[in-house]
Amino acid sequence: MWIKMILSRIDYIVTVILFCIGLYALIVKPNLIKKIIGMNILETSVYLFFIAAADVRLGVASHLWAGPSEVTAEEVAHAAAGHVALVNPIPSALILTAIVVSVSVTAISLSLAIKIYETYGTLDTRKIMTLKG
Amino acid sequence: MKKFMPAILFTIFAFSMIIVVLRFAPIGDPHMPGYADFVPSEMSKKEVVEHADSIALHYNRHSPGDTGALDIITATIFDYRAYDTLIETVVLFTALIGVLSIIGTKET
């Protein structure tokens, strides 16, 4: 009972574990580069959560349902009439936006880390907090 | 003790989140939020696909006729939500401006 309940939601549990690893690295690690890596792990866990929530078991993936080459008009009409279970397409579209935002945030963070290293000569936040000027 | 305090706190946090996550619908259930969460849970997948109505099922059914794109994600990104994709470039260019203003200039 419990095993089945956990195994049928294993993607969500992996998502939660990845989220906690990313948040741990983001908060606890003193190195700025490790903080950025933790932020990326956290974002990846959110992507995984959305894609897992979009799944319909034994449904056809929305970008594979007809195939690029062998699609016919009859198959299109068949799927459009609702006879084929299709995966939810909206989370995939949302995650594309989230990936763009993630790349932008990572670029800004890394450039700030470069500037901090040039100014202070270290990336350790404990040392940066004690330095003046 | 002080060294392990964050790990203990994050473990407690992870377990409380797992308890929440275990109340969700199982992976692959069509009764997920956003797909067919409002239909009775005893409906089978075939009935859900044929009778239920939501925005995702609307995209799945009508995207070939509406947009001509056979790939439903392409239809969603480039036709139904084209402005979202178009203005996404603003995010990228803002990030580019930020990076160039931080490290793009030569030190004098």
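What you see is a predicted model, and the numbers here were worked out from it, not measured in a lab.

A. View of the overall build of chain A. When helices and strands are counted, chain A shows six helices and zero strands. Overall, chain A shows an N-to-C arrangement of helices and strands of α-α-α-α-α-α. Taking all 133 residues of chain A together, 22% fall into the buried category. Pairs at least 24 residues apart make up 62% of the contacts formed inside chain A by residues separated by at least 6 positions.

B. Region of interest: the overall build of chain B. Per the secondary structure count, chain B includes five helices and zero strands. Going from N to C terminus, chain B has its helices and strands arranged as α-α-α-α-α. Relative to its length of 108 residues, chain B is extended, with a C-alpha radius of gyration of 23 Å against a globular reference of 13 Å. Expressed as a percentage of the 108 residues in chain B, the buried residues total 17%. Contacts spanning at least 24 positions in sequence make up 0% of the contacts within chain B whose residues lie at least 6 apart.

C. Broad picture of helix H3 (residues 32-54) of chain A. All names here are of chain A. Taking 1.5 Å per residue as the helical rise, H3 with its 23 residues ought to reach 33 Å, and the 34 Å between its terminal C-alpha atoms agrees with that figure. Listed as buried for H3 are Leu32, Gly38, Glu43, Phe49, Ala53 and Ala54. On its buried face, H3 sits against helix H2 (10-28), helix H5 (90-120) and helix H6 (125-130).

D. Broad picture of the packing of H5 of chain A against helix H4 (residues 72-80) of chain B. The N-to-C vectors of H5 of chain A and H4 of chain B enclose an angle of 50°; their axes lie 9 Å apart at closest approach. By the angle class used here, H5 of chain A and H4 of chain B are oblique. The crossing of H5 of chain A and H4 of chain B is right-handed. Residue-level inspection shows Ile90, Ser92, Ala93 and Leu96 of chain A of H5 of chain A in contact with H4 of chain B, the latter providing Ile73, Thr76 and Ile77 of chain B.

E. Geometry of the interface of chain A and chain B. Counting residues at the interface gives 43 residues for chain A, matched by 43 residues for chain B. Among the secondary structure elements, those contributing two or more residues to the side of chain A that touches chain B are H2, H3, helix H4 (73-80) and H5 of chain A. Considering every element that reaches the side of chain A that touches chain B, the biggest residue donor is H5 of chain A, with 14 residues.

F. Quick look at the environment of lysine 4 of chain A. Residues and elements named next belong to chain A. Assignment of secondary structure puts lysine 4 in helix H1 (residues 2-7). The class of lysine 4 is exposed, set by 9 C-beta atoms lying within 10 Å. Spatially, the C-alpha atom of lysine 4 lies 30 Å from that of leucine 94, the residues being 90 residues apart in sequence.

G. The nonpolar core, seen in detail. Ranked by internal contacts, the top residues of the largest apolar core, which has 26 residues, are Tyr35, Ala56, Tyr59 and Ile72 of chain B. The set of elements that each furnish at least two residues to this core consists of H2, H3 and H5 of chain A together with helix H3 (55-67) and H4 of chain B. Here this core takes six residues from H2 of chain A, the largest share from any one element. Among all residues touching alanine 56 of chain B, those that are not within four sequence positions of it are Asn88, Pro89 and Ile90 of chain A together with Gly34 and Tyr35 of chain B.

H. Focus on the packing of H2 of chain A against helix H1 (residues 5-21) of chain B. For the pair H2 of chain A and H1 of chain B, the least separation of the axes is 9 Å and the interaxial angle reads 150°. On the basis of the axis angle, H2 of chain A is roughly antiparallel to H1 of chain B. In terms of crossing hand, the pair formed by H2 of chain A and H1 of chain B is right-handed. Contacts from Tyr12, Ile13, Val16, Ile17, Cys20, Leu23, Tyr24, Ile27 and Val28 of chain A of H2 of chain A reach H1 of chain B at Pro6, Phe10, Phe13, Ala14, Met17, Ile18 and Val21 of chain B. Split into classes, the residues belonging to the contact of H2 of chain A with H1 of chain B amount to 16 nonpolar, no polar and no charged.

I. Just the confidence of the model for chain B, in detail. Averaged over chain B, the pLDDT score is 83; the fraction of residues at 70 or greater is 94%. Interface predicted TM-score (ipTM) for the complex: 0.82; the corresponding pTM is 0.83.

Rules used throughout
- Residues numbered from 1 in each chain as written.
- Chains lettered and ligands numbered in written order.
- Predicted model: local features only at pLDDT ≥ 70, side-chain atom pairs only at ≥ 80, totals over all residues.
- Helix = DSSP H or I, 4+ residues; strand = E, 2+ residues; numbered from the N terminus.
- Buried ≥ 20, exposed ≤ 12 C-beta atoms within 10 Å, placed from the backbone.
- Contact = placed C-beta atoms within 7 Å.
- Rg over C-alpha atoms; globule rule 2.2 N^0.38 Å.
- Expected span 1.5 Å × (residues − 1).
- Axes fitted to C-alpha atoms, helices over the stretch in contact; angles between N-to-C directions.
- Parallel < 35°, antiparallel > 145°, perpendicular 65-115°, else oblique.
- Left-handed = near helix turned anticlockwise from the far one by under 90°.
- Core = buried A, V, L, I, M, F, W, Y, C linked by C-beta atoms within 7 Å.
- Nonpolar A, V, L, I, M, F, W, Y, C, P; charged D, E, K, R; others polar.
- pLDDT = per-residue confidence, 0-100.

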